[in-house]
Amino acid sequence: MIVHKTRIAVFCSGSGSNFQAIFHALKKKQLNAEIVLCLSNRSQCGAMEFARSNGIAAVHLMEKQFDSFDEFAAAMVGCLRKHGIEIILLAGYMRKVPDAVVTAFPERIINIHPALLPKFGGEGMYGIHVHTAVLEAGETESGATVHLVNEEYDKGRILMQRHVPVLADDTPESLAARVLECEHKLYPEALEKLIAEQQS
Ligand code: GRF
C-alpha cells in the first residue's frame, strides 16, 4: 500500500533551528509527513543553507521581485501549490504572511511564538523584544506557544503551549536560549497534533 506523506513547507528568515529540530523529529518519529519546501525572504540564511544541503527545495521569494504585493502573494500561493503543500510551518519567518496565502490554506498554517500568548504577542513582538518585555513585566515564567495563523498577528487558535521558568538573574539572552530549547521540543509535538487533527 502506498501511504501518502503530508507535504510540509517551512517559512524561515534566520538560523532555522526550529526547522532543523522538526526535520530531525520527523525522521526519528517516522511521522507520515515530510518537509519538501523551505521558503524565505532571504536567499542566504541558516535555514536556506540547511534546506539546500538536505535536498529540500529552497525558494527565495520577496516582495521586491514583483510589481505589486498582489503579484507577490499570488506567486507564493502558486509556489505552494506547485510543491503540493498541505501544511505550512512558520519558523522564524520575519514577514507577515499575505492574506491570500492564509485564505488559500485555512487552518493549515502554524507559527511558534517565544512567549505565552496571548501575552507578549502582536506587531513588534519578536525576537529579543519579547524576552525583554517578559523580564520588564516581572513575569516568573515564560514559554513557547504554537498557534494557528490567521490574518492578525499572533491571534489564531492556540494549539499547544509549554512553560519555562524565568530565573532571577535572567537576561533577555539567557531567557531566549531557554525558550528556544523548549521550542525545539514543542514544535514537533504540535505538528504531530495538527496532523492527527486533520487526519481524524
Ligand atoms: C524562534 O524564537 C521563534 O519563536 C520565532 O523566531 C525564532 C526562530 O528561530 N518565531 P529559528 O530560526 O528557528 O532558530
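Before any of the text, the structure's been laid out above.
Let me sum up the structure you'll find in this document. (Residues numbered from 1 in each chain as written. Predicted model: local features only at pLDDT ≥ 70, side-chain atom pairs only at ≥ 80, totals over all residues. Heavy atoms only, no water.)

**Some details on the packing of helix α1 (residues 17-29) against helix α2 (residues 46-53)**
The description of two helices packed together rests on the angle between their axes and the distance between the axes. Across the interface, α1 lies against α2 with an axial gap of 9 Å and an inter-helix angle of 30°. Between α1 and α2, the interaxial angle falls into the category roughly parallel. Listed contacts from α2 to Phe19, Gln20, Phe23 and His24 of α1 are Gly46, Ala47, Phe50 and Ala51. Its residues assigned to classes, the contact of α1 with α2 shows 5 nonpolar, 3 polar and no charged. (Axes fitted to C-alpha atoms, helices over the stretch in contact; angles between N-to-C directions. Helix = DSSP H or I, 4+ residues; strand = E, 2+ residues; numbered from the N terminus. Parallel < 35°, antiparallel > 145°, perpendicular 65-115°, else oblique. Contact = heavy atoms within 4.5 Å. Nonpolar A, V, L, I, M, F, W, Y, C, P; charged D, E, K, R; others polar.)

**Things to note about the pattern of salt bridges**
A side chain of one charge can pair with a side chain of the opposite charge if their charged atoms are brought near each other. Going through the model one piece at a time under the given rule, you end up with 9 salt bridges. Residues Glu107 and Arg157 are paired through a salt bridge, measuring 3.7 Å at the closest nitrogen-oxygen approach. Taken together, the residues Glu107 in the loop between α4 (99-104) and β5 (109-113) and Arg157 in the loop between β6 (141-148) and β7 (158-165) connect sequence positions 50 residues apart. The exposure class assigned to Arg157 is partly exposed, which follows from its relative accessible area of 42%. Connected through shared salt-bridge partners, Glu107, Arg157 and Glu197 make up one network. (Salt bridge = Lys/Arg side-chain N within 4 Å of Asp/Glu carboxyl O. Buried < 20%, exposed > 50% of the residue type's maximum accessible area, 1.4 Å probe, protein only.)

**Here we look at the environment of Ala57**
Following the sequence through the fold, Ala57 ends up in strand β3 (residues 57-60). Residues Ala57 and Ala168, spaced 111 residues apart in sequence, show a C-alpha to C-alpha distance of 43 Å.

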